[in-house]
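Chain by chain, the residues run as shown.
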Amino acid sequence: VQLRAGNVLLLAGRFDEARARAERALQVEPRNVSAQILKGNALAGLKEFQSALSEIQAAIELEPERSASYTALGSVQFARGQMSDAETAFKLAVEAAPTCSPFSR
């Protein structure tokens, strides 16, 4: 429930509240990759890029085969103007989920 609410708050641009929801989810389950990504995205929205990168890197370490983590990483790097690093992260996202397509299913 915390993650769903947090993602809605993130989309609404309410980054502080989204971060708080992610932190609550992490209190219950400290190794929850989705909560770490949510927290990282919320921190990025707050322009706390270094903290955002730390959260997303932690998510990648927990579950390196998850493409959403690399997509989040690339998005933060892109926002920081690190285009080469962003490109690398997006390529890793594709490698992690090569058959994922918005047109499949």
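The coordinates are above.
Just so it is clear, the structure is predicted and the values come from calculations on it, not from any experiment.

Caption draft 1: Inspection of the overall build of the protein at higher detail. Along the protein, the regular secondary structure elements total six helices and zero strands. In terms of C-alpha radius of gyration, the protein reaches 13 Å, essentially the compact-globule figure of 13 Å for 105 residues. Taking the principal axes of its C-alpha atoms as reference, the protein extends roughly 35 × 30 × 25 Å. When contacts within the protein are restricted to residue pairs at least 6 apart in sequence, those whose partners lie at least 24 apart make up 42%. With the model as given, the accessible surface of the protein reaches about 6,500 Å², and the carbon-plus-sulfur share is 53%. In the protein, 12 positive and 12 negative side-chain charges are present, and the distance between their average locations comes to 6 Å.

Caption draft 2: Summary view of the side chain of serine 69. The topology assignment puts serine 69 in helix H5 (residues 67–79). If sequence neighbours within four positions are ignored, serine 69 has contacts with Val33, Ile37, Ile56, Ala59 and Ile60.

Caption draft 3: Molecular detail of the packing of helix H3 (residues 33–45) against helix H4 (residues 49–62). Relative to each other, H3 and H4 sit at 165°, their axes nearing to 8 Å. Relative to H4, H3 is oriented roughly antiparallel. Judged by the twist between their axes, the crossing of H3 over H4 is left-handed. Between H3 and H4, the residues in contact are Val33, Gln36, Ile37, Lys39, Gly40, Asn41, Leu43 and Ala44 and Phe49, Ser51, Ala52, Glu55, Ile56, Ala58, Ala59 and Leu62, respectively.

Caption draft 4: Just helix H6 (residues 83–96), in detail. In this model H6 runs 20 Å from its N-terminal to its C-terminal C-alpha over 14 residues, within 8% of the 20 Å that 1.5 Å per residue would give. Where H6 is buried, its residues meet H5.

Caption draft 5: Main features of the nonpolar core. Among the nonpolar cores identified, the biggest contains 16 residues, and Ile37, Ala44, Ala52, Ile56, Ile60, Leu73 and Val76 are the most heavily contacted of them. Elements with a contribution of two residues or more to this core: H3, H4, H5 and H6. A total of six residues in this core trace back to one element, the largest contributor, which is H4. Setting aside residues up to four positions removed in sequence, alanine 44 forms contacts with Phe49, Ala52 and Val76. Listed in part, the six residues of the second largest apolar core include Leu10, Ala18, Ala22 and Leu38.

Caption draft 6: Expanded view of the pattern of salt bridges. The full count for this structure, using the stated rule, is seven salt bridges. Among the ionic pairs, glutamate 55 bridges to lysine 39, the shortest N-O distance being 3.5 Å. In this pair, glutamate 55 sits in helix H4 while lysine 39 sits in helix H3, placing the two residues 16 residues apart along the sequence. Per residue, the accessibility class of glutamate 55 equals that of lysine 39, and both read buried.

The rules behind these values
- Residues numbered from 1 in each chain as written.
- Predicted model: local features only at pLDDT ≥ 70, side-chain atom pairs only at ≥ 80, totals over all residues.
- Heavy atoms only, no water.
- Helix = DSSP H or I, 4+ residues; strand = E, 2+ residues; numbered from the N terminus.
- Rg over C-alpha atoms; globule rule 2.2 N^0.38 Å.
- Contact = heavy atoms within 4.5 Å.
- Areas by Shrake-Rupley, 256 points an atom, 1.4 Å probe, with all protein chains shown as cover.
- Lys, Arg positive; Asp, Glu negative; His and termini not counted.
- Charge placed at Lys NZ, Arg CZ, Asp CG, Glu CD.
- Axes fitted to C-alpha atoms, helices over the stretch in contact; angles between N-to-C directions.
- Parallel < 35°, antiparallel > 145°, perpendicular 65-115°, else oblique.
- Left-handed = near helix turned anticlockwise from the far one by under 90°.
- Expected span 1.5 Å × (residues − 1).
- Core = buried A, V, L, I, M, F, W, Y, C linked by side-chain atoms within 4.5 Å.
- Buried < 20%, exposed > 50% of the residue type's maximum accessible area, 1.4 Å probe, protein only.
- Salt bridge = Lys/Arg side-chain N within 4 Å of Asp/Glu carboxyl O.

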